[in-house]
Amino acid sequence: PSSVPGSPGDLVPILKRMKRDWVIPPINVPENSRGEFPQDLNRSLRYSVTGPGADQPPTGIFIIHPISGELSVMKPLDREHISNFHLRAHAVDLNGNQVESPIDIVINVIDMNDNRPEFIHQIWNGTIPEGSKPGTFVMTVTSVDKDDPKTANGMLRYKIVSQNPESPTSNMFTINNKTGGIITVAAGLDREKVPQYTLIIQATDMEGNPMYGLSNTATAVIKVTDINDNPPEFTAETFFGEVPENRVNVIVANLTVTDKDQPNTPAWNTVYKITGGDPTGRFSVPTDPTTNEGLVTVVKPIDYEISRTYVLTVVAVNEVSLARGIHSPRQSTATVSIRVIDVNESPNFEPNPKLIKLEEGMQPESALTTFTAQDPDRFMQQTIRYTRLSDPANWLRIDPNTGHITTIAVLDRESPYVKDNMYSATFLASDSGIPPASGTGTLQIFLLDINDNAPHVYPQETEMCEKPEPNGFNITALDGDLSPNAGPFAFELANRPSDIQRNWTITRLSGDFAQLSLKIGFLESGIYEIPIIITDSGNLPMSNTSYLRVKVCQCDHNGDCTDQQHIVAAGLGTGAIIAILLFLVLLFVVWMKRRDKERQAKQLLIDPEDDVRDNILKYDEEGGGEEDQDYDLSQLQQPDTIEPDAIKPVGIRRMDERPLHPEPQYPIRSAAPHPGDIGDFINEGLKAADNDPTAPPYDSLLVFDYEGSGSTAGSLSSLNSSSSGGDQDYDYLNDWGPRFRKLADMYGGSDD
């Protein structure tokens, strides 16, 4: 079967042979048929078609006559939807048996110009720098047409319909009619005059045939971008400002400029540079980011006495360079006139700080130096007064008018206010301005060391066992002075009391260390004070007797004191032990304070070399040749060494007698008594004797105790009585040494 073309524009399907034609099988016709004629001989075949558009979606577009095999289209076709159909034709007999293999039928839909061009975007945006040359590419616009691009129906052409504004010409741009590329065709793009152009672009198919082609339009918006073709220009030739002297970070003047370029862009932002009038760099001109103004600012102090006015030359430029061919005009340079205002300035010490060196020990009212300040206000008649602002040790005084500094106390390098040999004091200088101004100056005194501090033993306390092993320990000395007024030191034991050198020995180990050793193998538990004479190495050496406090205790096998263990063993808890220790410490502090107070009391009016107390104790006798050798001389001991069995019966007692109540048994102190002890002892005994009505005659200096009866030596109560042996010659006592010279003075000589 086949079809023939119809009128133009109609679709006529044609069955084309694919590979081979169908083979018609033999047809059997009975003879002598009486049926109606003509009689159809093909009733034995049936035709059908399958595929998209027939029995597959979209169905019902194509049908085939089952007997004649005529193929027909039942609906309008759209090439833009389906451009061709692939069908398959089938032929079967009446029993449904396949007579021939199916054949393929391809139906092509012929394109018609039924679609207009469509732009991808309705509005196109592009940019072009101002001042661009002709032929500069701007952008490309694109349109599409659904018709067949291989035919004139889908071939597009572009053109610019209109330009707005038409300045400086109406044809500033052109478009490639095939590609849609827009370029400039004229010079004169100026953003400051025309910042934006709007173009209407038309696309037409049928190769742009205005009679048969379909068309559409879109808008192209072209922005002219800025370049730096306009330099900044000052609004005035001269700007004025004023500033007080010595002020910094102060805005003196605001410089304003105009720039036709686009605001807040590098071509508009202004940078200000000082090109003259500020050789010392006392001003700067930063830019206000909001207003684009130049802020003339003082960055270094200005001195009115040096310069009263400043005339600056300032140039304004942009952050980016000017476009090629553009030059800065005269209006890009301005003058700034600044007047300096005089203010009252603070006086200045020179030098500050001031350093002087001198030896410590300078006495009060000694002249040190003159520390004065200068008033920088040369054009103001003012006076300056000086006061002391900081003097930690209160050593100095300054004359309020002259600045002359004198001492009011001894300068001591070892003072806690001296750090690294340096003492600092601060002074204030105030002028008479209104309001007054003041300045400070520091005086640094470097104190040179002198030998004004005696060394003392260190440590001051130590412990050792009753049977020490080893039997010695190392000691050193501390001296507040510096070398060479400190070490090396010389160590030696004091001569008094005599048991010190008998029990102890000291050996020098080095210039700063010595070893104190025990001569005897056993020392009873107790507290001992060992007097050690230490001498430094100063040009005029200083010596001092220091007392080393040695605690002798019972020790365990490890060599540790067991006193604390005895307390714990007694059943006391930790809290009780702490309370006892605190109580003992408190008693010790009270005893030390009382002892120091007694030592500071009035000294005995006897030279320590003539101390008769040591004579009595040393020789253990009161004379020779008298009949008193059977007396109990133990009664002549000091009251604090009398045993309890020597206590008198209760009665009126003097202060030099032993108290009635028993006292704890402590070991005898090995340290030599302070000279004040015996003096206080005698004075208190004398006072007690004067107030005791039962005492012997009232001119007695001191009564120690009753010494027995029957002495042939007579009474000593009256030194001037004839019975006292006043006619005897006591001058021989002068030959016994300095310790008996006092007795010779008391008993010998004239009657006066």
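Basis of the calculations
- Residues numbered from 1 in each chain as written.
- Predicted model: local features only at pLDDT ≥ 70, side-chain atom pairs only at ≥ 80, totals over all residues.
- Heavy atoms only, no water.
- UniProt positions renumbered as here; feature names shortened; annotations may be inferred.
- Pairing = 2+ DSSP bridges.
- Helix = DSSP H or I, 4+ residues; strand = E, 2+ residues; numbered from the N terminus.
- Axes fitted to C-alpha atoms, helices over the stretch in contact; angles between N-to-C directions.
- Buried < 20%, exposed > 50% of the residue type's maximum accessible area, 1.4 Å probe, protein only.
- Contact = heavy atoms within 4.5 Å.
- Disulfide = S-S within 2.5 Å.

- An unreviewed UniProt entry annotates the protein as Cadherin 2 of Oncorhynchus mykiss.
- You can read under Function (unreviewed entry) in the UniProt record for the protein the words "Cadherins are calcium-dependent cell adhesion proteins."

A look at the sheet that holds strand 1 (residues 45-50)
Alright, step 1. With antiparallel pairing, three strands are arranged side by side in an open sheet as 1-4-5. Only two strands of the sheet have a single partner each, and these edge strands are strand 1 and strand 5 (98-108). Neighbouring strand axes in the sheet, compared pairwise and without regard to direction, differ in orientation by 20 degrees on average.
Alright, step 2. Where strand 1 meets strand 4 (residues 84-93), six bridges bridge the pair, whose relative direction is antiparallel. Residue Tyr47 lies in a different strand from strand 4, and its bridge partner there is Ala91.

Points about unusual backbone geometry
Alright, step 1. With omega at -5 degrees, the peptide bond leading from Pro57 into Pro58 counts as cis.
Alright, step 2. Tracing the backbone through its elements, the reader meets Pro58 in the loop between strand 1 and strand 2 (62-64).
Alright, step 3. Along the chain, Tyr458 connects to Pro459 via a cis peptide bond; the corresponding omega equals 0 degrees.
Alright, step 4. With respect to the element layout, Pro459 can be found in the loop between strand 33 (456-458) and strand 34 (461-465).
Alright, step 5. Of note, Asn246 is a non-glycine position whose phi angle comes to about 70 degrees, a positive value.
Alright, step 6. Judged by relative accessible area, Asn246 falls into the partly exposed class, the value being 36%.

Details of the side chain of Glu305
Alright, step 1. Along the chain, Glu305 falls in the loop between strand 21 (294-298) and strand 22 (309-318).
Alright, step 2. Apart from the residues lying within four places of it in its own chain, the contact partners of Glu305 are Glu245, Asp342, Glu345, Pro376, Asp377, Arg378 and Phe379.

Here we look at the state of the cysteines
Alright, step 1. For the structure shown, the criterion picks out two disulfides.
Alright, step 2. Across a sulfur-sulfur distance of 1.9 Å, Cys465 and Cys555 are joined as a disulfide pair. One quick way to see it: the torsion about the S-S bond of Cys465 and Cys555 is about -100 degrees, and its sign makes the bridge left-handed. In this pair, Cys465 sits in strand 34 while Cys555 sits in the loop between strand 40 (543-553) and helix 2 (563-569), placing the two residues 90 residues apart along the sequence.
Alright, step 3. Given a relative accessible area of 15%, Cys465 falls into the buried group.
Alright, step 4. With its sulfur 1.7 Å from that of its partner, Cys553 forms a disulfide with Cys561. Taking the sign of the torsion about the S-S bond as the criterion, the disulfide between Cys553 and Cys561, at about -50 degrees, is left-handed.
Alright, step 5. The class of Cys561 is partly exposed, set by a relative accessible area of 23%.
Alright, step 6. Numbered by order of appearance in the sequence, the disulfide-linked cysteines of the protein pair as 1-3, 2-4.

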